[in-house]
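Architecture and fold: a report
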Amino acid sequence: MRILISGAAGFIGAFLCKRLLETTKDEIIGIDNLNDYYDASLKEERLKMLSSFKNFKFIKGDISDKAFIDKLFNEYRFDIVVNLAAQAGVRYSIDHPDVYINSNIIGFYNILEACRYHMPQHLVYASSSSVYGGNTKVPFSTDDKVDNPVSLYAATKKSNELLAHAYSKLYNIPTTGLRFFTVYGPMGRPDMAYFSFTNKLIKGETIEIFNYGNCKRDFTYVDDIVEGVIRVMNKAPEKKNGEDGLPIPPYKIYNIGNNNPENLLDFVSILSEELVRAGVLQKDYDFEAHKKLVPMQKGDVPVTYADTSDLERDFGYKPSTSLREGLRQFSEWYYKFYIKK
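So, here is what we can say about the structure in this document.

Cut-offs applied
- Residues numbered from 1 in each chain as written.
- Predicted model: local features only at pLDDT ≥ 70, side-chain atom pairs only at ≥ 80, totals over all residues.
- Heavy atoms only, no water.
- Helix = DSSP H or I, 4+ residues; strand = E, 2+ residues; numbered from the N terminus.
- Contact = heavy atoms within 4.5 Å.
- Buried < 20%, exposed > 50% of the residue type's maximum accessible area, 1.4 Å probe, protein only.
- Pairing = 2+ DSSP bridges.
- Right-handed = clockwise from strand over helix to strand, strands pointing away.

For Val 303, the location among the structural elements is in the loop between strand 15 (291–293) and helix 10 (309–315). Sequence separation between Val 303 and Pro 190 is 113 residues; the distance between their C-alpha atoms is 21 Å. Those residues in contact with Val 303, other than ones at most four positions away along the chain, are Val 138, Phe 140, Lys 216 and Arg 217.

For strand 2 (residues 27–32), a buried count of five out of six residues is recorded, marking the element as mostly surrounded by other parts of the structure. Here strand 1 (residues 2–6) runs beside strand 2; their pairing, made up of five bridges, is parallel. Residue pairing across strands places Leu 4 opposite Ile 29, the latter belonging to strand 2. In this region the chain leaves strand 1, passes through helix 1 (residues 11–23) and returns to the parallel neighbour strand 2; the handedness of that crossover is right-handed. Two strands pair when backbone bridges link them, and strand 2 and strand 3 (residues 56–60) are joined in this way by five bridges, in the parallel orientation. Of the residues in strand 3, the one forming a bridge with Ile 31 is Ile 59. This β-α-β element, strand 2 to helix 2 (residues 40–50) to strand 3, shows right-handed connectivity.

Structure, rendered in structure tokens:
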């Protein structure tokens, strides 16, 4: 098959490409705009990881550029499309709304339009746990109402789900949205807590723990996310018509999370132990002196917690990597990439 992965130089995108290239003979076309939202050397490192595979081709381009997307689809006629390209980050969306509208709304619309005319077997796209907004019922279920976003980022991701539903209904395009829960691991995004905390601790700076440490996050290791994406990719929602003769939308939404929320203070404690173990920080590092408990931030939520029963039912899969194991992998990578050099 010929598969498009947008956001291929991104965290999840690169690891998804790697797994597919290692385990299939499919032709993988990766696209990314290589923007400067965070350290470009990380994106270059991820692409370098993929460069040795003969069935991988990288093309620099932006999904918000309609002419680029149209030309791409005309040329390659993809069997499966996985849209992971997006402007990420809840807090960044507060001060930089334009990039979220361009990438997450216009860009996703361009992908949908291209799928409308070139009809892949399946469009899989990244949604986010942020769509649950201020929901107080936990764990978060895909049956829950998600009409109360607390950030523009969350609103754009909910918009993706609505647009996908409309295109599934109108044009019978099989689409599956995946609500990812706090993805972490080696080569991750530096704006994520585990990575930014590490960067600050190395410099002797103070890390801020929001909501006075009372937040909980359903941390999900990147390999578990990738496994879930691959299983979903290979099983598109079934096309069938209703009693009116019109398509019943071949449309699905799933959570991919660890189904095990961790308190932020426990998370920081495990991270600190693993950073010392990996040699990133010295054994006598005074963590207490570098921790500060602060109030909740705008756009944040107190807890994320994935109900993964739909994923287990339909794909026989549930993420299982423990937080300690995942942070150990991150810490060992961090040492090799930043310290050992």
